[in-house]
Structure formats: structure tokens, C-alpha cells
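# Understanding the architecture of this molecule
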Number of protein chains: 2
Amino acid sequence: MIDKSLIDYRVYLVLDPDLCADFGMVETAVAAAQAGAGLVQLRAPGWKKKAMYECALALKEKLAALNVPLIIDDHVDVAMAVQADGIHVGQKDLPVDVVRKLVGPDMIVGLSINSLDELKQMDPDRVDYIGVGPVFRTSTKKDAASPIGLKGLEAIVRASQVPAVGIGGIKACHMGEVAATGAKGAAVVSAICGTRDPALATEALLSAWQAR
Amino acid sequence: MIDKSLIDYRVYLVLDPDLCADFGMVETAVAAAQAGAGLVQLRAPGWKKKAMYECALALKEKLAALNVPLIIDDHVDVAMAVQADGIHVGQKDLPVDVVRKLVGPDMIVGLSINSLDELKQMDPDRVDYIGVGPVFRTSTKKDAASPIGLKGLEAIVRASQVPAVGIGGIKACHMGEVAATGAKGAAVVSAICGTRDPALATEALLSAWQAR
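Below, the structure is looked at part by part. (Residues numbered from 1 in each chain as written. Chains lettered and ligands numbered in written order. Predicted model: local features only at pLDDT ≥ 70, side-chain atom pairs only at ≥ 80, totals over all residues. Heavy atoms only, no water.)

This part takes up the pairing of strand S5 (residues 108–113) of chain A. All names here are of chain A. Counting buried positions over the six residues of S5 gives five, a clear majority of the element. Across four bridges, the pairing between strand S4 (residues 86–89) and S5 is parallel. In the strand pairing of S5, Val89 is matched with Leu111. Viewed along the sheet, the connection from S4 through helix H4 (residues 96–103) into S5 turns out right-handed. Across four bridges, S5 lies against strand S6 (residues 129–132) in parallel orientation. (Buried < 20%, exposed > 50% of the residue type's maximum accessible area, 1.4 Å probe, protein only. Helix = DSSP H or I, 4+ residues; strand = E, 2+ residues; numbered from the N terminus. Pairing = 2+ DSSP bridges. Right-handed = clockwise from strand over helix to strand, strands pointing away.)

Spelled out as C-alpha cells, the structure:
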């Protein structure tokens, strides 16, 4: 079981099947985890569940050996089936009180937050972290809301009772500014997935965070 | 809890959000259930889970009062969250052994079967019924396989150790032939959803079944 107080949110990899098509989902996750990514999320909204289940099983095995938590996007059933470390839901997915009831107290529950209003409506006792954004414009999430910018991120981070990570279009060059908002880290997709060297890309993100 | 030996499979309504857009999902389900549909499935592959959860909650309340089981398509988490009576999965969804482990022994588990090969690979101890098809050409399931016809249906029905229902393009005029294969019923979408009078449509299907 993951000690929630020890989660390293600085570089939180969100996998993307299209961008990872060449290098591989598991291969990208392992390379990033070995290079210092502290969390890995399996997000594959276009996949059927058997494919997602099988990928999650493979990820779970590899990431557990590296002591890096595996988070499943949206599908609580897949998360429960593979005994993932966590589940991440958006505002249009299952409500967090329902999620928490299904998964119990130990599983990490993350929630996407786009505004202070959404944060106010959230029960912080049921959520372990929030993903705040999109900070910048992003092309990897097709139904993403309008960017909230670094100021929008900072306002939500400061109001949040739970750890917050920024998400949406964040590259190595932004890491210092994201860290300065008080966020615990940055969730990234295209800054790692589909790059020529996912390990090197992860190291660059971590260095940029530490150099703030 | 549903007594599985008493399930009336004859007319099994599968809801379709597009076809039910005018009359309403819950309204269609209630009208059909009152007219004799023995099972109702919520199938909404294009919906996000919050919408599916809310619709499932509303259906559960109405159908429980009519003693008609509610089956959820694909999403085991939604089925568990609303304490649905059953879950239906396809070959590309979570494997039935995984599903059965998640939902326990009491929930109805249905599986889509397209061929004798798929039936042979199925563990009948984990599955309560199978949906066999597509029997005829259908427009309501976009990724449907090639039709197996009444002969294909009959071959699978005769080989199955669990109750089987035909699915795919079945209208009132086919009900006699479907019944003659030994199937316990027919799962229908467009024969009820989107018709001018879903209750009357259900009655017509039931009458046709009984008149075989």
C-alpha cells in the first residue's frame, strides 16, 4: 500500500495511447518512472475495457517494482480489478463520494478542478489530490476547457486543502513558474509521451522543477 | 435481490440514448416494463459516467418498483454504484472472471456471444445468460459483427449451458422464429426505443413470442 504522505507529485506522467504508439505505453511509463516520475496515470478514453485492463495489469507489475503509484483515469472498475494505487476522475465522471464508497479509504482519489467554484463544491475529505487546469492550451485532451493560466492555477492551489498539481500544456520551460504557484507538481502528457527519449524528458522536467 | 431462476427473458429492452431522445430513457423503460418487458439494460457507450450514473439511479428506482431487473452495459463501477441487478459485458469489455470477482455471486452477469468458439471459451459458472448475435443486420450498434442468422443463433443456443437471448435487428415479425431456436427471449433496441408507443411495441413483441 502507498503511503499517501510520501507521494512525489513533481512529475506526474499521464500516458496517451496515440503519443505512446511508437515507444509503447509500458515502456514509456517505465522509462519515466526510472528517471524520477513520481506517479503514472493510465488514460485511454478511446479504449475498450479489456485493452485497458490488460495494459493496467502490465503497468501495475512494472511500476510496483519501482514503487511508483499507478493511477487509473475514469474507470473505477479497472482500478479495482488491477488493485491500482489510485483513481482519477473528472467533473463528468462518477462523483467522488460514489468513487470513495466503491474503492475504500486507502486508494488514492484524484479529481480534476477547473475553477474555484468546482473546488468549493468538492469534499476535501474524499479527495487526495486535485489536478488543476488546463493551465495552458493543450492538444492532447480534446474536450479540455479554456486555459486558466498560471494565475488561475495559483488561485486554486492557494485555496485548496489537498495537494494540487497543474495540468495542461506544461513543458520543462514552465516548471519553475508552476512550482512558484505552490503546486506540488505538474501532470504532463506530451512533455514525455512521444518524445525521442522519455527518460531524458522526465529528467529535464525534474531538473527544471528543482532549479526554481 | 432478484431470483435468477425467475427472470423473464422474453422481451429484454436495451435502451438507446439516440432513439430514446424524444420519449426519454426512463419513460421508455417504464412504459416497456409496465407492458411486460422482463429486463432493461442501460447501454450508453457515448455517455460520460456521471450522466450514466444519474440515469441508472433513476432507472433503478422506477424498475425496482416494477420488479424488473436493471442491467448495466459494460461499466461494472456504475452497476456497483447504483446496486444494479446485473451487468452485461462484451468480448472487448472486462473479462467475466474479473467481473464476477468484482460484483460477487448475486449480481446477474451477461455476456455477448457471436460464435461457438466464444461460447467454448466461456466459463458457464461465471455467466448467468448470454446475448447471442447479431442475428440480423442492425444499425443501432455501430461496431457489430456480421449477422449469424437464425441458424447461427440456434447452434449457439443448443450448445449453451446458460439461458440465451437473441439480439440484433429482431422485430415482432421474427419473434416466433427466435423462440423456435430455443432462445429464452430476444433483446431489442429499435423494436421499442423510438417507436411511437413503446408500451404497445412491447406488447406486440410479447404477443408474437407467445403466439409461436
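Residues and elements named next belong to chain B. The end-to-end C-alpha separation of helix H8 (residues 198–210) is 18 Å, in line with the 18 Å expected for 13 residues at 1.5 Å each. Three or more residues of H8 are buried, namely Pro198, Ala201, Thr202, Leu205, Leu206, Ala208 and Trp209. Looking straight down H8, one finds that the buried residues subtend no more than 160° of arc, so they occupy a single side. In this fold, the buried residues of H8 make contact with strand S1 (11–15), helix H1 (25–34), helix H7 (175–180) and strand S8 (185–188). (Expected span 1.5 Å × (residues − 1). Arc of directions from axis to C-beta. Contact = heavy atoms within 4.5 Å.)

This part covers the sheet that holds strand S6 (residues 129–132) of chain B. All names here are of chain B. Read around the barrel, eight strands follow the order S1-S2-S3-S4-S5-S6-S7-S8 and close on themselves; strand pairing throughout is parallel. Adjacent strand axes in the sheet meet at a mean angle of 25°, parallel and antiparallel pairs treated alike. Looking at chain direction, strand S7 (residues 164–167) and S8 are connected through three bridges and run parallel. Bridge assignment links Gly166 to a residue of S8, and that residue is Ala186. Contacts between helix H4 (residues 96–103) and the sheet are confined to strand S4 (86–89) and strand S5 (108–113), with S5 contributing the most and set at about 165° to the helix. (Axes fitted to C-alpha atoms, helices over the stretch in contact; angles between N-to-C directions.)

With that settled, the discussion passes to the sheet that holds S4 of chain A. In sheet architecture, strand pairing relies on hydrogen bonds along the backbone and comes in two forms, parallel and antiparallel. Residue and element names in this part refer to chain A. Taken together, eight strands build a closed barrel; the order of strands is S1-S2-S3-S4-S5-S6-S7-S8 and the barrel is parallel. Averaged over all pairs of adjacent strands, the angle between strand axes in this sheet comes to 25°, irrespective of strand direction. The sheet contact formed by strand S1 (residues 11–15) and strand S2 (residues 39–42) spans four bridges and is parallel. The residue of S2 that forms the bridge with Tyr12 is Leu39. Together, S1 and S2 form the strand contacts of helix H1 (residues 25–34), whose direction differs from that of S1 by roughly 175°.

So, on to the pattern of salt bridges. Residues and elements named next belong to chain A. For the structure on display, the rule yields 18 salt bridges over all chains. Asp8 serves as the salt-bridge partner of Arg10, at 2.8 Å between the closest nitrogen and oxygen. In this structure Arg10 comes out as partly exposed when scored by relative accessible area, which is 22%. Notably, a salt bridge pairs Asp128 with Arg100, separated by 2.9 Å at the nearest N-O pair. On the criterion of sequence distance, the pair formed by Asp128 in the loop between helix H5 (116–121) and S6 and Arg100 in helix H4 is long-range, its members being 28 residues apart. Take Asp128: its relative accessible area is 18%, and that puts it in the buried class. Take Arg100: its relative accessible area is 13%, and that puts it in the buried class. (Salt bridge = Lys/Arg side-chain N within 4 Å of Asp/Glu carboxyl O.)

Another point: the packing of aromatic side chains. Residues and elements named next belong to chain A. Under the definition given, this model contains four aromatic pairs over all chains. Here the aromatic rings of Tyr12 and Tyr129 are separated by 5.7 Å at their centres, their planes lie at 70°, and the arrangement is edge-to-face. Of this pair, Tyr12 sits in strand S1 while Tyr129 sits in strand S6, and the two are 117 residues apart along the sequence. The class for Tyr12 is buried, based on a relative accessible area of 1%. An aromatic cluster is present here, built from Tyr9, Tyr12 and Tyr129 joined pairwise through their rings. (Phe/Tyr/Trp six-rings, centres within 6.5 Å; stacked < 30°, edge-to-face > 60°.)

Residue and element names in this part refer to chain A. The interhelical angle for the contact between H1 and helix H2 (residues 49–65), taken along N-to-C directions, is 25°, at an axis separation of 10 Å. Taken as axis vectors, H1 and H2 run roughly parallel relative to one another. In this structure, H1 crosses over H2, and the sense of that crossing is right-handed. Residues Met25, Val26, Ala29, Val30 and Ala33 of H1 form the contact with H2, whose own contacting residues are Cys55, Ala58, Leu59, Lys62 and Leu63. (Parallel < 35°, antiparallel > 145°, perpendicular 65-115°, else oblique. Left-handed = near helix turned anticlockwise from the far one by under 90°.)

With that settled, consider the side chain of Asp73 of chain B. All names here are of chain B. If you trace the backbone, Asp73 turns up in strand S3 (residues 70–73). Residue Asp73 is classed as buried on the basis of its relative accessible area of 12%. In this structure, Asp73 is in contact with Gln41, Leu42, Arg43, Met52, Ile87 and His88, ignoring residues within four places of it in sequence.

Overlay of chain A on chain B (RMSD 0.0 Å): rotation 180°, translation along the axis 0.0 Å. Each copy turns onto its partner about a two-fold axis. The rotation axis passes nearest to the C-alpha of Asp77 of chain A in chain A, at a distance of 2.4 Å. Interface overlap between copies is the fraction of interface residues in one copy that are interface residues in the other; for chain A against chain B it reaches 100%, indicating a shared surface. (Least-squares fit on C-alpha atoms with pLDDT ≥ 70 in both.)

A few words now on the interface of chain A and chain B. Between chain A and chain B, the residue contacts involve 18 residues of the former and 18 residues of the latter. Contact between chain A and chain B buries roughly 1,700 Å² in total, counting both sides, with carbon and sulfur atoms accounting for 68%. Where chain A meets chain B, there are two salt bridges. In this structure, Asp93 of chain A engages Lys48 of chain B in a salt bridge whose closest nitrogen and oxygen atoms are separated by 3.4 Å. The interface formed by chain A and chain B holds eleven residue pairs in polar contact (both at pLDDT 80 or more) in total. (Buried area = accessible area lost by both parts, 1.4 Å probe. Polar contact = N/O pair within 3.5 Å; in protein donor to acceptor, adjacent residues only side chain to side chain.)

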